[in-house]
Amino acid sequence: MAKVLVSDPIDQAGIDILSQVATVDVKIGLTPEQFVQAIPEYDALMIRSGSRITREIIEAGHQLKIIGRAGVGVDNVDVPAATRQGIVVVNSPEGNTIAAAEHAIAMMLALSRYIPDANASVKRGEWDRKTFVGAEVYKKTLGVVGLGKIGSHVATAAKAMGMKLLAYDPFISTERAEQLGCRLVEVDILLQEADYITLHIPKTPETTHLINAEALAKMKPNARIINCARGGIIDEAALAEALKAGKIAGAALDVFEEEPLKESPLRALGKEIILTPHLGASTTEAQVNVAIDVAEQIRDVLLGLPARSAVNIPGLSPDILEELRPYMQLAETLGNLVGQLAGGRVDLLNVKLQGELATNKSQPLVVAALKGLLSQALRERVNYVNASVEAKERGIRIIETRDAAIRDYAGSLHLSAKGSMGEHSVTGALLGDGEIRITNIDEFPINIPPSSHMLFTLHRDMPGIIGKLGSLLGSFNVNIASMQVGRKIVRGDAVMVLSLDDPLPDGILTEITKVAGIRDAYTVTL
Ligand SMILES: NC(=O)C1=CN([C@@H]2O[C@H](COP(=O)(O)OP(=O)(O)OC[C@H]3O[C@@H](n4cnc5c(N)ncnc54)[C@H](O)[C@@H]3O)[C@@H](O)[C@H]2O)C=CC1
Ligand SMILES: O=C(O)C(=O)COP(=O)(O)O
């Protein structure tokens, strides 16, 4: 039975789903060293933001097939390392959207009315109504940085409270922003004009310290900033300075440069700052949503099915995959075949998607062809997750072309590869029942199903060759399952393709090329 390690608290609903297909161990608070020690025996890992999954941990995970993040942000996972290792990384892109958006709104209102400090003072036995005179958000301007799922929900709620909206998001259209009642502006305008700023962007090299001393200096003295996105988008030292000096009016932070928050000048500030311990996703509803969403994906991947929200297999959504599934096998087989014909060290792969395959949706077929091409070198180490990265690292150039013209088959795939044995090409298609047919080799028409052991020869089309080859194979006790000759003109060049019941013994290829008229011979194992 498969084994799953759960290293952060997740809802029982998720554990129940995982338990259908695996033994589940919940181990919370592992040190990096303990993680490296524990991980080799696990097939899957389920985490939240509390676990940092480094390259060392990933490389020690020899059995690991999937890392499931029960939430949105995967910045605590070394995704490139996982990709290289062929480990699929999945998340729950929508399960906690509402929880995080409501936390941002709660922070904005709590900050405006000093609710946390007022509450603490009453609990201390005081009745101080002067210190806690707040501000209204009605008719104020809210600047939303990042108008994605959470940012959009915050914008909608803020609009309903009578706020004016600005948004900064270089990847969102003006129309989308307008639909949400936001004026799309450059970041500097947002910083200068907003009374409230709320961050809803991922942490990336571009967004790290987006809010630094310079940005804080552009903000209004009455401005308040909320970060329920990721620690490190705000420079905490610069923020503490700006608040202390009264350059801005307040900040509410749910996320920190280092979590848990250690010694920090932020703790010393007064009612102008609110700090929560990364609670954005901490609602019962969100935790059930993300646990189910991610546990289902882990279960599916362990059962050999595709994941619906993989962050490192672009374009491979289950519905597209379902449509393409029969063709994926075709692409993989042809990739494997052409890679062997071209002889290792391939530096160029041309993929031509023909007929009904000539659409953008067919992109996964290119990945499948690469997987097949690399399978001789990498065996089971190559999969849909790492095939593109491995190909890039090996310097394989990929040229993709599409030709919508329908020929003999509704859809067909033509691959040509340049390697140490020159340039070779194959074409393949599917029959009505989904069976694979190789329809062309090196531009010679044939029609043969692939088989485990195959022999290809390039020869002169003349009487007697087929007989001689048959006898030669017989003398080596090799049984021929099927055979076909493809030629363009009578008595010109031709290819012979044989499906064999047995692998070819060593040395026989040289004997084959000694047969008069046979110029070249290749074996292929599929
Ligand atoms: N505090 C918490 O517990 C939670 C935090 N989060 C965090 O909230 C953030 C937003 O999550 P979602 O809305 O679900 O993501 P999303 O992917 O739907 O939206 C992110 C938006 O940021 C925009 N963006 C990317 N780079 C940008 C840049 N350089 N400048 C401006 N905009 C940029 C994107 O175009 C996108 O519209 C993520 O960092 C996520 O990890 C999410 C859930 C809970
Ligand atoms: O989903 C996210 O990005 C979050 O930040 C939520 O984090 P958590 O799962 O509560 O540790």
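Residues numbered from 1 in each chain as written. Chains lettered and ligands numbered in written order. Predicted model: local features only at pLDDT ≥ 70, side-chain atom pairs only at ≥ 80, totals over all residues. Heavy atoms only, no water.

For the protein, an unreviewed UniProt entry supplies the name D-3-phosphoglycerate dehydrogenase and the organism Scytonema millei VB511283. As recorded by UniProt, the Sequence similarities (unreviewed entry) comment attached to the protein reads in full: "Belongs to the D-isomer specific 2-hydroxyacid dehydrogenase family." According to its UniProt record, the protein has this under Pathway (unreviewed entry): "Amino-acid biosynthesis; L-serine biosynthesis; L-serine from 3-phospho-D-glycerate: step 1/3." (UniProt positions renumbered as here; feature names shortened; annotations may be inferred.)

Asks: Even after reading the chapter, I still don't get the packing of helix α1 (residues 12–19) against helix α12 (residues 284–302), so can you show me in this structure?
Replies: A pair of packed helices is characterised by two quantities: the angle between their axes and the separation of those axes. At a closest axis distance of 8 Å, the pairing of α1 and α12 adopts a crossing angle of 15°. The orientation of α1 relative to α12 falls into the category roughly parallel. The interaxial crossing formed by α1 with α12 has right-handed handedness. Packed against α1, whose contacting residues are A13, G14, I17 and L18, the element α12 presents A291, I292, A295, E296, I298 and R299 at the interface. By residue class, the composition of the contact of α1 with α12 is seven nonpolar, one polar and two charged. (Axes fitted to C-alpha atoms, helices over the stretch in contact; angles between N-to-C directions. Helix = DSSP H or I, 4+ residues; strand = E, 2+ residues; numbered from the N terminus. Parallel < 35°, antiparallel > 145°, perpendicular 65-115°, else oblique. Left-handed = near helix turned anticlockwise from the far one by under 90°. Contact = heavy atoms within 4.5 Å. Nonpolar A, V, L, I, M, F, W, Y, C, P; charged D, E, K, R; others polar.)

Asks: Whenever I open this one, the site of ligand 2 confuses me. Can you help?
Replies: Lining the immediate environment of ligand 2, one finds R48, S49, R69, A70, G71, V72, G73, N96, R230, H278 and A281. Contacts to ligand 2 include R48, whose side-chain N or O atom sits 2.8 Å from an oxygen atom. Here R230 contributes a side-chain N or O atom positioned 2.7 Å from an oxygen atom of ligand 2. Looking at the shell around ligand 2 residue by residue, the class counts come to three nonpolar, five polar and three charged. (Near = heavy atom within 4 Å. Polar contact = N/O pair within 3.5 Å; in protein donor to acceptor, adjacent residues only side chain to side chain.)

Asks: Is there a simple way to think about unusual backbone geometry in this case?
Replies: Note: most peptide bonds trans; most residues except glycine with negative phi. A cis amide bond, omega -5°, links E259 with the succeeding residue P260. Topologically, P260 is positioned in the loop between β11 (250–253) and β12 (273–275). Residue E443 is not a glycine yet carries a positive backbone phi of 70°. Tracing the sequence through the fold places E443 in the loop between β17 (436–441) and β18 (444–448). Since its relative accessible area comes to 42%, E443 is described here as partly exposed. Not every positive phi belongs to a glycine, and N477 is a case in point at roughly 60°. (Buried < 20%, exposed > 50% of the residue type's maximum accessible area, 1.4 Å probe, protein only.)

Asks: Mind showing me how you'd approach the sheet that holds β11 here?
Replies: By definition, the strands of a sheet pair up through backbone hydrogen bonds, in either a parallel or an antiparallel sense. Taken together, seven strands build an open sheet; the order of strands is β8-β7-β6-β9-β10-β11-β12 and the sheet is parallel. Sheet topology places β8 (182–184) and β12 at the edges, where each strand pairs with a single neighbour. When strand polarity is set aside, the average angle formed by the axes of neighbouring strands in this sheet is 15°. Across four bridges, the pairing between strand β9 (residues 196–199) and strand β10 (residues 224–227) is parallel. Among the inter-strand pairings, Y196 is bridged to a residue of β10, identified as R224. Sitting on the sheet, helix α5 (residues 97–113) is in contact with β6 (141–145), β9, β10, β11 and β12, with an inclination near 150° to β10. Along the sheet face, helix α11 (residues 236–244) touches β10, β11 and β12 and points at about 145° away from the line of β11. (Pairing = 2+ DSSP bridges.)

Asks: Can you help me understand the side chain of Q354 in this one?
Replies: Residue position: Q354 is located in strand β13 (residues 348–355). Side chain to side chain, Q354 and S412 meet in a polar contact 2.6 Å long. What Q354 contacts, discounting residues up to four positions off in sequence, is D403, R407, A410, G411, S412, H414 and T427.

Asks: Explain the packing of aromatic side chains here, please?
Replies: Any two aromatic rings considered together are summarised by their centre-to-centre distance and by the angle between their planes. Per the counting criterion, the structure on display carries zero aromatic pairs. Lying across the ring of Y114, K271 places its NZ or CZ 5.0 Å from the centre. (Phe/Tyr/Trp six-rings, centres within 6.5 Å; stacked < 30°, edge-to-face > 60°. Lys NZ or Arg CZ within 6 Å of the ring centre and 35° of its normal.)

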